[in-house]
Amino acid sequence: MSLLSLDHLSKTFRTAGGPVHAVRDVSLEVKSGECLAIVGESGSGKTTLANMILGILAPSAGEIRFDGQALPARRTATERRRIQFVQQNPLSALNPKRSVGASIRLGLDTYRIGGRAERWPAVEAALEAVGLPGEMRHRAPAALSGGQRQRVGIARALAVEPQLIVLDEPTSALDVLVQARVLRLLDRLRRERGLTYVFITHDLAVVRNIADRIAVFRAGRLIELGETAALFNDPKTDYTRSLIGAVPVVDESELELRTRLAEGP
Amino acid sequence: MKRAIRILSRNPLSALGLGLVVLIVLAALLAPWIAPYPDHNGAVVDFLNNNKPPSARNWMGTDLVGRDIFSRILYAYQTSLVLAVVVLAIATPIGTVVGLIAGYLGGWTETILMRVVDVFLSIPPLVLALAMMGVLKPTLTNAMLAVTAMWWPWYARLVYSIARSEREEGYVLAAEVIGAGTTHIAFREILPNCLPAIITKMTLDMGFVIIIASSLSFLGLGVQPPTPDLGSMVAEGANYLPDSWWLTVFPGLAILIAVFGFNLLGDGLRDVLGVDR
Amino acid sequence: MSLLDIADLTLSFKGLSGLTEVLHGISLSIAPGEKVALVGESGSGKSVTARIVLGLLQEQKTARIGGTVRFAGQDLAALSPRDREGLRGTEISMIFQDPTSYLNPVFTIGRQFAEVLRRRDPGLARAACEARAIEMLAETAIPDPARVLGSYPFQLSGGMNQRVMIAMALANHPRLLIADEPGTALDVTVQAQTLKLMRQLVDLHETAVLFISHNLGVVREFADRVYVIYRGRIVEDGPTAAVFGDPRHAYTQALMAAVPRITGDGLPDVPEVSEAFLAPKVHHRLRSGRAT
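What counts, and at which threshold
- Residues numbered from 1 in each chain as written.
- Chains lettered and ligands numbered in written order.
- Predicted model: local features only at pLDDT ≥ 70, side-chain atom pairs only at ≥ 80, totals over all residues.
- Heavy atoms only, no water.
- Helix = DSSP H or I, 4+ residues; strand = E, 2+ residues; numbered from the N terminus.
- Rg over C-alpha atoms; globule rule 2.2 N^0.38 Å.
- Contact = heavy atoms within 4.5 Å.
- Areas by Shrake-Rupley, 256 points an atom, 1.4 Å probe, with all protein chains shown as cover.
- Buried area = accessible area lost by both parts, 1.4 Å probe.
- Polar contact = N/O pair within 3.5 Å; in protein donor to acceptor, adjacent residues only side chain to side chain.
- Nonpolar A, V, L, I, M, F, W, Y, C, P; charged D, E, K, R; others polar.
- Salt bridge = Lys/Arg side-chain N within 4 Å of Asp/Glu carboxyl O.
- Patch = residues over 30% accessible without salt bridge, like charges linked within 9 Å, V, L, I, M, F, W, Y side chains within 5 Å.
- Buried < 20%, exposed > 50% of the residue type's maximum accessible area, 1.4 Å probe, protein only.
- Pairing = 2+ DSSP bridges.
- Axes fitted to C-alpha atoms, helices over the stretch in contact; angles between N-to-C directions.
- Parallel < 35°, antiparallel > 145°, perpendicular 65-115°, else oblique.
- Left-handed = near helix turned anticlockwise from the far one by under 90°.

Colleague: Which residues make up the overall build of chain C, and what values do they have?
Modeller: Secondary structure assignment for chain C yields eleven helices and eleven strands. By the compact-globule yardstick of 19 Å for 292 residues, chain C fits well, its C-alpha radius of gyration being 20 Å. With respect to the principal axes defined by its C-alpha atoms, chain C has extents near 60 × 50 × 45 Å. Long-range pairs, those at least 24 residues apart, make up 69% of the contacts in chain C between residues at least 6 apart in sequence. Looking at chain C as shown, the accessible area adds up to about 12,900 Å², and 51% of this sits on carbon and sulfur atoms.

As C-alpha cells, then:
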C-alpha cells in the first residue's frame, strides 16, 4: 500500500542563466512502513525533491499524493503535520537562542497536542525516546554534542507523531561512532512506530544497511530503482555501478564486491 | 550577567566605557543632591558672579548670568539621557518590527517596506530633523519626535539584514515544516537572534542621539532655555571664545565623555554578546 | 632518518577557565616519501597536530606547546617565526578540505599559481611561471591547462579546483605534503578520482604525506602507515594492512566496526564511548621483509 506517491513531478528554477531543471518528470511510490533511500550526488535533484515532499517548494508540474489524497501547493496544518523532517546540519537546525525543550514543544503547541500541563512531560518523553535524559530540555543547543543535537532533531520530528519522515543526510555531519548509534536509533524507531522514511543521502554504504529500496538520481532524473540487495548485487546502470565503485571500503569482502562490480556484467 | 561583567572588565577599554556610563547615569540621577547649586538648573540670575573662570567656588566657572556650569552640566545630563532613552525606546521597536517583517516575509512586503526605509536613510539625518523642527514648534517633545523619525530606519535595516540571513537557517525551516505561524517564527524564533545586535546598537546610539540632540539645541531648535542642555551651552559660549573658554570647553567635554563612554561600552557588549558586525 | 619526527607533543589552550590540554603527548614519524595517515574523529586533535607541523599554532598566544617537532632534522621550536613561515609552501605544503574556499575568488588561477611558485623563487618571470603551471596542471590530467590558468575558481567545478590545489601544493616540490580531509566536500566519485590522482603524483615526486582524515575507507586506500588518534592520544599505529587486518585497540576496533559495509552486514552495535578506549597504545611492528 503506497503512502506517498509522486506523479510526473518536475521542478524548474528560473535563473539569470536560463531555466534549471532540478527535478525532471519523477514518478515514484513510497510504501507505507518502508525506508526508501534517495541517492545521488550534488546536482542530482535529491534535495529539491525532498523540499517538494515537505511542501517547502511547490512543484512546477506533476502531483504529490499522500494517503491517496492530492497535496495542494499551500498545505493546511494537518497536512504538514503528517510529513516531518530531520536536517543534515544539526547545529543550524536548532534555534541557538531557545532551549532544546522549547524547540521540541513548538510542534505540540502548534497542534495543541495534549493539555498545556501535559506538554513538558511529553517533551521529556520525546527526549527519552531518542535516548536523551528528559532534563536535557532545559539546555541550550550549544551545550550539546553533534550527536545529541541530531537526536533532538529526531525527537522534534517525532513529537508531532508524523507518518512519514524525510531524513536529509541525517548522519553525514556526524562522527562514525555517533553515526552508528543514530542509524540504529532511526531504524528502531521506524520499526517500533511503523514510520515511513524517505532517506536522502550520498552515502551508499549507509543506505545498504538501512533502506528497503533505493532510488538513484542523476541530473534530476530517477535512473534506477530497486530492492537494496538486488541493486547492490546487480546494478542495472553504469552510473550506479560507478557510485558503488567509488565508496571507500574497509573490508576485503567489500573490496571483492567492488572489484566484481567494476568489471561489469 | 555576572559573566558579562567579568568579560567587560577584562578589556580595559570596555571597563572604562562601563565606568564612564555608570558615572554619567549616577551624575544625572543624583544631580539634585550632588550639584553644588541645585537651583541653577532654572532661570537664576547672579550678576555679581557672572562669567567667572573655574575656581574653588565654581569648579567649572559660571555662565553669562552667573550660574554654576558644573551644576548645569549635571542637570543637562538628565535632559540628554531622558531624550536618548525616549528616542531609542520608540525608534527601536518600530524599526525592529519593520525590519523583522520585511526580512522574514520577503516578496512585496519586503520591497515596499525597505523602499520606505531607503527613502528615510537617503535624507541626511540632521536635514530631516531640521525640516521637521521648521514645521513644528521647537520644544523638547518635538525634538524627540524629530530625532525618532530619523532613527528608526537604521534599526529597520539592521534587523532586516539579520532576519534575512536567519530566514535561511535550518531552525526556521524546521518551524515552517512543523507548521508554526508567521508571527511565532518572526517574533519567537528570529527576533531572539537579532537581540544581541539590537542591544549593542542601542548602546552605541545613546552617544549618537546625545550628539544629534545637542546639535539641534546648538542650532536653537532643541531644548529651550532655561532648561540646561549641553548643546545650547556650547552654542552660547561659542561667541565668547577664546576668552571665556570654560563656557564651551566643559559642556563640550561632557558631550565627549558621554559619547565616548557609550561607544566603548557598545564595543565591549558586541564582544560579550557575540555580534559580528 | 625520518623526515618528520614528532616526539611527545603536547598542546594546551589557555581559556577563561584555565588550561585545557588538547594533545597529551603524541609521537609520530614520517620517512621521506612515506604516506602516513592520522585518523580520528572530530575533536581528536588531528587537525591541530597538522597546524603545529605547519608552524601555525606556535604564534598563537593562547597555545602552549610542549615536546619536539623535527622537520628534516631541524627543531621547529628553535627556528625563528620567519624561518618557520619560510618552510610553508616550499618545503611543507598543504591541501585543504574545501578547495573552493581556499582559492581566492577574485584572482585567476594563473595569478595564484604564480604567487605559489614565487614563494620558492621570488624572481621567477611571468612566462616561466606560466610554463611551470601548465606543466603541473597537465600532470593532474587537467584538460586545456592554459584555459584553466585564465579562469577564476568559481568558473571551475569542485573537482577541478581540487586538482588545481593539488598541482599548486606539489609545484614547489615540497618534501612533505599535509592533506587535511582532502575531497571531503566533493562528491564520492570525484573524491575517489582525486585521491587516486594524488596518490599517483606523490609517488611520482616521492613526496611524503601526512594524511589527516576521519574516513577509514579513504585512509585504507591511501596510506602506507596509520596512526589512530583518540582524544589527543595515539591509541594504535602500524602498517595500514596490519591495523586494518588486525585492529587490537578497543577504540580502533569500535571505529572499524562502526563503518557501514557495502556488503550489507547490518547496522553495527558499537558504543559511542567506553573506558576501554583509554587503554594504552598498541604498536604494530613492521613485518620483516616488508620494510618501508
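Next comes the rest of the description.
Colleague: Lay out the interface of chain A and chain B in plain terms, naming residues and giving numbers.
Modeller: The interface is formed by 19 residues belonging to chain A together with 17 residues belonging to chain B. Around 1,600 Å² of area is buried between chain A and chain B when both sides are counted, 60% of it from carbon and sulfur atoms. By the criterion of area lost to chain B, the three top residues of chain A are Lys97, Arg98 and Leu106 of chain A, representing 31% of everything that side buries. The tally of links between chain A and chain B comes to ten residue pairs in polar contact (both at pLDDT 80 or more). Counting only elements with at least two residues in the side of chain A that touches chain B, the list comes to β6 (83-86) and α3 (100-110) of chain A. Residues of the side of chain A that touches chain B, tallied by class, amount to nine nonpolar, six polar and four charged.

Colleague: Outline the interface of chain A and chain C, listing residues and values.
Modeller: Taken residue by residue, the interface counts 35 residues in chain A and 32 residues in chain C. Of all residues in chain A, the largest losses of buried area upon contact with chain C belong to Leu177, Asn209 and Val250 of chain A, amounting jointly to 24% of the total for that side. Counting the contacts that link chain A with chain C gives seven salt bridges. The partner of Asp269 of chain C in a salt bridge is Arg181 of chain A, with the nearest N and O atoms 2.7 Å apart. Between the two partners, chain A and chain C, sit 18 residue pairs in polar contact (both at pLDDT 80 or more). Those elements that provide at least two residues to the side of chain A that touches chain C are α6 (176-193), α7 (204-210), α9 (238-245) and α10 (252-263) of chain A. No other element matches the nine residues that α6 of chain A contributes to the side of chain A that touches chain C. Along the lines of polarity and charge, the residues of the side of chain A that touches chain C split into 18 nonpolar, six polar and eleven charged.

Colleague: Explain a nonpolar patch on the surface residue by residue, including any values.
Modeller: Residues and elements named next belong to chain B. The grouping of Val22, Val25, Leu26, Leu29, Leu30, Trp33 and Ile34 at the surface amounts to a nonpolar patch, some 680 Å² of accessible area in total. Counting residues per element, the ones that place at least two in the nonpolar patch are α2 (12-29) and α3 (31-34). Counting residues per element, the nonpolar patch draws most heavily on α2, which supplies four residues. By the element assignment, Ile34 lies in helix α3.

Colleague: Any chance you could break down unusual backbone geometry for me, citing the residues and the numbers?
Modeller: Residue and element names in this part refer to chain A. One non-glycine residue, Glu161, adopts positive backbone phi at about 50 degrees. Under the relative-accessibility criterion, Glu161 is labelled exposed at 56%. In this model, Glu169 sits at a positive phi of 45 degrees, which is unusual for a non-glycine residue. Assignment of secondary structure puts Glu169 in the loop between β7 (164-168) and α6.

Colleague: An account of the pattern of salt bridges is requested, with residue identities and associated values reported.
Modeller: In this structure the tally under the stated criterion is 38 salt bridges over all chains. Here Arg120 of chain C and Glu91 of chain C are joined by a salt bridge, their closest N and O atoms 2.4 Å apart. Here Arg120 of chain C is found in helix α4 (residues 109-120), whereas its partner Glu91 of chain C is found in the loop between α2 (81-87) and β6 (92-95), with 29 residues between them in sequence. The exposure class of Glu91 of chain C is buried, given its relative accessible area of 16%. Taking the shortest distance from any N to any O, the salt bridge between Arg147 of chain C and Asp144 of chain C comes out at 3.8 Å. By relative accessible area, Arg147 of chain C is classed as partly exposed at 47%. A residue is classified by how much of its surface remains accessible, and Asp144 of chain C, at 44% relative accessible area, is partly exposed. A cluster of three or more residues bridged by salt bridges with shared partners is formed by Asp187, Arg190, Arg191 and Asp212 of chain A.

Colleague: A description of the sheet that holds strand β9 (residues 225-230) of chain C should follow, citing residues and the corresponding values.
Modeller: Residue and element names in this part refer to chain C. Spatially, the seven strands line up as an open sheet ordered β6-β7-β8-β3-β9-β10-β11, and their pairing is mixed. Of all the strands in the sheet, the pair left with one neighbour each is β6 and β11 (282-283). As defined by bridge partners, β6 adjoins strand β7 (residues 176-180) across four bridges and the pair is classed as parallel. Paired with Ile95 across the two strands is Ala179, which belongs to β7. Sheet strands touched by helix α7 (residues 158-171): β6 and β7. Its angle to β6, the strand with the most contacts, is close to 175 degrees.

Colleague: Please give an account of the sheet that holds strand β2 (residues 18-31) of chain A that cites residues and values.
Modeller: Residue and element names in this part refer to chain A. Strand order in the open sheet formed by four strands is β2-β1-β4-β5, with antiparallel pairing between adjacent strands. One side of each edge strand has no neighbouring strand; the edge strands of this open sheet are β2 and β5 (69-70). With two bridges connecting them, strand β4 (residues 61-66) and β5 associate as antiparallel partners. The residue bridging Phe66 from the neighbouring strand is Gln69, located in β5. Of the strands in this sheet, β1 (2-15), β2 and β4 are in contact with helix α1 (residues 46-54), which crosses β1 at around 120 degrees.

Colleague: Run through the pairing of strand β2 (residues 18-30) of chain C, naming residues and quoting values.
Modeller: Residues and elements named next belong to chain C. Here strand β1 (residues 4-15) pairs with β2 via ten bridges, running antiparallel. Bridging from a neighbouring strand, Gly15 pairs with Gly18 of β2. Hairpin remark: β1 followed by β2, antiparallel, with two residues in the connecting loop.

Colleague: Run through the packing of helix α5 (residues 146-159) of chain A against α6 of chain A, naming residues and quoting values.
Modeller: All names here are of chain A. One way to put it is that α5 packs onto α6 with a least axis distance of 10 Å and a crossing angle of 15 degrees. The angle between the axes of α5 and α6 places the two elements in the roughly parallel class. Handedness of the crossing formed by α5 with α6: right-handed. Where α5 approaches α6, its residues Gly147, Arg151, Ile154 and Leu158 are matched on the opposing element by Val178, Arg181, Val182, Leu185, Leu186, Leu189 and Arg193. Considering only residue class, the contact of α5 with α6 consists of seven nonpolar, one polar and three charged.

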